[in-house]
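Geometric and topological summary
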Protein chains: 2
Amino acid sequence: MATAPDRLRKAVEKLKATGVRMTPQRHAILEYLLSTMSHPTADEIYKALEKDFPNMSVATIYNNLRLFKEAGLVRELTYGDSSSRFDANMSDHYHIICRRCGKITDFEYPPLIEVEEEAARKTGFRVDSHRMEVYGLCAECQ
Amino acid sequence: MATAPDRLRKAVEKLKATGVRMTPQRHAILEYLLSTMSHPTADEIYKALEKDFPNMSVATIYNNLRLFKEAGLVRELTYGDSSSRFDANMSDHYHIICRRCGKITDFEYPPLIEVEEEAARKTGFRVDSHRMEVYGLCAECQ
DNA sequence: ATAACTGCAAACGTTTTGCTACGCA
DNA sequence: TGCGTAGCAAAACGTTTGCAGTTAT
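What counts and how
Counting of residues starts from 1 at the beginning of each chain's written sequence and follows it residue by residue. Ligands are numbered from 1 and chains lettered from A, in the order in which they are written. In keeping with the model being predicted, local features are shown solely for residues with a pLDDT of at least 70 and side-chain atom pairs are shown and tallied solely at 80 or more, while totals for entire chains, interfaces and linings include all residues. To get the side-chain values, all heavy atoms of the structure are used, and hydrogens and water are removed first. Working rule for contacts: check all heavy atoms of both residues, and any pair within 4.5 Å makes them a contact. Each of two parts loses accessible area, computed with a 1.4 Å probe, when they are put together; buried area is these two losses added. Salt bridges are defined by distance alone: a side-chain nitrogen of Lys or Arg within 4 Å of a carboxyl oxygen of Asp or Glu. Each polar contact in these results corresponds to two N or O atoms within 3.5 Å; when the atoms are within protein, one needs to be able to donate a hydrogen and the other to accept it, and residues that are neighboring in sequence are counted only if both atoms are side-chain atoms. Numbering goes from the N terminus for both helices and strands, where a helix is a DSSP run of H or I of at least four residues and a strand is a run of E of at least two. Residues are sorted three ways: Asp, Glu, Lys and Arg are charged, Ala, Val, Leu, Ile, Met, Phe, Trp, Tyr, Cys and Pro are nonpolar, and all the rest, Gly among them, are polar. Note on pairing: DSSP must find at least two bridges between two strands before they are called paired. Any residue with at least one heavy atom within 4 Å of a molecule or strand is counted as near it. UniProt positions are given in the numbering used here, feature names are shortened, and annotations may be inferred rather than shown by experiment. Using a 1.4 Å probe on the protein chains alone, a residue whose accessible area is under 20% of its type maximum counts as buried, one over 50% counts as exposed, and one in between counts as partly exposed. A cavity here means a set of points on a 1 Å grid, drawn over the protein atoms and nothing else, where a 1.4 Å probe fits but cannot get out; a pocket is an open set with protein on both sides within 12 Å along at least five of seven lines, and a residue lines either one if it has an atom within 4 Å of a point. Grid points are joined across faces, edges and corners, and a volume is the space filled by probe spheres set on the points. Angular values range over 0 to 180 degrees, each being the angle between N-to-C directions of two axes fitted as lines to C-alpha atoms, with helices fitted over their stretch in contact. When describing relative orientation, an angle under 35 degrees is termed roughly parallel and one over 145 degrees roughly antiparallel, while 65 to 115 degrees is termed roughly perpendicular and anything else oblique. With the far helix as reference, a near helix turned anticlockwise by less than a right angle produces a left-handed crossing, and one turned clockwise produces a right-handed crossing. In this description, a nonpolar core means a group of buried Ala, Val, Leu, Ile, Met, Phe, Trp, Tyr and Cys residues linked to one another through side-chain atoms lying within 4.5 Å.

1. Notes on the interface of chain A and chain B
Taken together, the contact pairs 37 residues of chain A with 37 residues of chain B. Taking both sides of the interface into account, the surface hidden between chain A and chain B amounts to around 3,200 Å²; carbon and sulfur atoms contribute 62%. Applying the counting rule to chain A against chain B returns four salt bridges. For Arg99(A), the salt bridge is made with Asp128(B), and the minimal N-O distance between the two is 3.0 Å. In this assembly, chain A and chain B are joined by 17 residue pairs in polar contact (both at pLDDT 80 or more). For the side of chain A that touches chain B, the element with the highest residue contribution is strand S5 (residues 126–137) of chain A, accounting for twelve residues. A class-by-class count of the residues in the side of chain A that touches chain B yields 17 nonpolar, nine polar and eleven charged. The pairing of S5(A) with strand S5 (residues 126–137) of chain B spans eleven bridges and is antiparallel. Among the inter-strand pairings, Val134(A) is bridged to a residue of S5(B), identified as His130(B).

Right, dumping it as structure tokens:
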């Protein structure tokens with residue numbers, strides 16, 4: 001398991017390799033995403049970094065999130081609720097979401113390759129990925 | 001396999017049992033949802049029914065979709081794209097989505113019960129459901 | 001008759017865009 | 001120094017809401 005600073009350094013390298021520049025704001029957003037397990041929304045990132053960057057605009061958050069997504073550093077999670085969440089944990093894992101408090105918890109499970117294969121067989125698609133989430137009530141909300 | 005008019009009749013019954021009234025607009029929206037495999041957005045439903053109901057408002061579409069959802073007649077699909085899609089096929093099935101043209105195709109696969117069980121075991125959640133989609137390129141887009 | 005519904009327009013929250021000034025490389 | 005980027009505000013977008021008039025039961 002790589003340490004947090006280690007993952008940050010690798011992410012910065014990967015970003016720079018795509019030709020983008022490192023700005024303090026960009027660095028802070030990336031660092032925050034890599035440090036948290038909370039799958040924050042754009043607005044939550046905005047609020048979390050407000051004290052360090054009182055002048056940062058939401059547009060900067062969104063611009064950078066798009067950039068990170070394109071670089072393969074974060075995943076966008078679109079659940080039923082109003083806003084997207086962002087996950088910088090790119091390892092194979094799935095999410096379980098509490099219907100009551102909205103908490104998102106990671107859990108490990110072997111990738112569902114056989115579902116992808118069966119879907120490809122039945123539909124004629126060329127499959128590249130899948131997504132799965134489980135819903136329920138977390139321990140506190142039961 | 002039930003016929004389309006048959007499913008419509010059953011759906012109307014189920015709705016009426018919840019105490020709502022049947023209006024021509026409501027009936028048309030429901031009929032359209034049950035007749036198509038295309039998982040339409042609210043706006044697509046709006047456009048499809050425009051010729052029959054030139055004065056129908058989008059609010060009516062949204063009101064009814066919420067009602068249908070609460071009655072368990074349709075499912076709301078929230079993928080990454082900007083707007084929700086609605087699926088009146090309530091049988092156990094999963095979706096495969098084309099990254100290029102956005103087409104959504106149903107495919108059957110045994111429900112992933114064991115994933116739910118494992119998630120519950122690992123996280124302490126009480127699980128009630130899950131959601132899964134496969135992504136790729138459809139036969140035409142490859 | 002009356003409670004539920006439609007249509008309309010305005011409001012809402014999230015995300016995107018156009019632009020100017022700034023600052024990293 | 002030059003191009004990419006941040007900040008700002010306005011716009012865009014899908015969706016929800018409040019209300020007045022209409023309609024199914």
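Here the narrative resumes.
2. Remarks on the protein's contact with DNA strand D
The environment of DNA strand D is made up of 21 residues, and the closest members are Arg21(A), Thr23(A), Gln25(A), Arg26(A) and Tyr62(B). Considering the 4 Å shell around the protein, atoms of DNA strand D inside it are sugar or phosphate in 78% of instances. Within the backbone of Met22(B), one N or O atom sits 3.1 Å away from a phosphate oxygen of DNA strand D. Mapped by element, the contributors of at least two residues to the surface near DNA strand D are helix H2 (24–35) and helix H4 (58–70) of chain A together with helix H4 (58–70) of chain B. For the surface near DNA strand D, the per-class residue count stands at seven nonpolar, ten polar and four charged.

3. Comments concerning the UniProt feature "binding site: Zn(2+)" (unreviewed entry) in chain A
All names here are of chain A. Residues given the UniProt feature "binding site: Zn(2+)" (unreviewed entry) here are Cys 98, Cys 101, Cys 138 and Cys 141. Taken together, the annotated residues stretch across 44 residues yet fold into one region, lying no more than 8.2 Å apart by C-alpha. Looking at the secondary structure, you find Cys 101 in the loop between strand S3 (94–98) and strand S4 (104–107). The class of Cys 101 is partly exposed, set by a relative accessible area of 45%. Here Cys 101 is in contact with Cys 138 and Cys 141, once residues within four sequence places are set aside.

4. A few points about the environment of Asn55(A)
Locating Asn55(A) in the fold gives a position in the loop between helix H3 (42–49) and H4. In this structure, the C-alpha to C-alpha distance between Asn55(A) and His95(A), residues 40 residues apart in sequence, is 33 Å.

5. Things to note about empty space enclosed by the protein
Residues and elements named next belong to chain B. Considering all chains together, one arrives at one cavity of 30 Å³ or more under this definition. Forming the walls of the largest cavity are Leu 33, Thr 36, His 39, Pro 40, Phe 86, Asp 87 and Ala 88. Partitioned by chemical class, the residues of the lining of the largest cavity number four nonpolar, two polar and one charged.

6. Structural notes on the packing of helix H2 (residues 24–35) of chain B against helix H3 (residues 42–49) of chain B
All names here are of chain B. Between H2 and H3, whose axes approach to 11 Å, the crossing angle comes to 110 degrees. Overall, the two elements H2 and H3 adopt an arrangement that is roughly perpendicular. The handedness of the crossing between H2 and H3 is right-handed. For the pair H2 and H3, contact is made by Ala 28, Ile 29, Tyr 32 and Leu 33 and by Ile 45, Ala 48 and Leu 49, respectively. Within the contact of H2 with H3, the residues separate by chemical class into seven nonpolar, no polar and no charged.

7. Thoughts on the nonpolar core
Within the largest apolar cluster, 27 residues are counted, with the highest numbers of intra-cluster contacts made by Phe107(A), Leu112(A), Met132(A), Phe107(B), Leu112(B) and Met132(B). When residues of this core are traced back to their parent elements, those giving at least two are S3, helix H5 (113–123) and S5 of chain A together with strand S3 (94–98), helix H5 (113–123) and S5 of chain B. Those residues within four positions of Met132(A) in sequence are excluded, and the remaining contacts are Tyr94(A), His95(A), Phe107(A), Leu112(A), Leu112(B), Val115(B), Arg131(B) and Met132(B).

8. Some points on the side chain of Glu133(A)
Structurally, Glu133(A) is set in strand S5. Side-chain polar atoms of Glu133(A) contact the side chain of Arg131(A), separated by 2.7 Å. At 3.2 Å, the side chain of Glu133(A) and the side chain of Tyr135(A) are in polar contact. Apart from the residues within four sequence positions on either side, Glu133(A) is in contact with Tyr79(A), His95(A), Ile97(A), His130(B) and Arg131(B).

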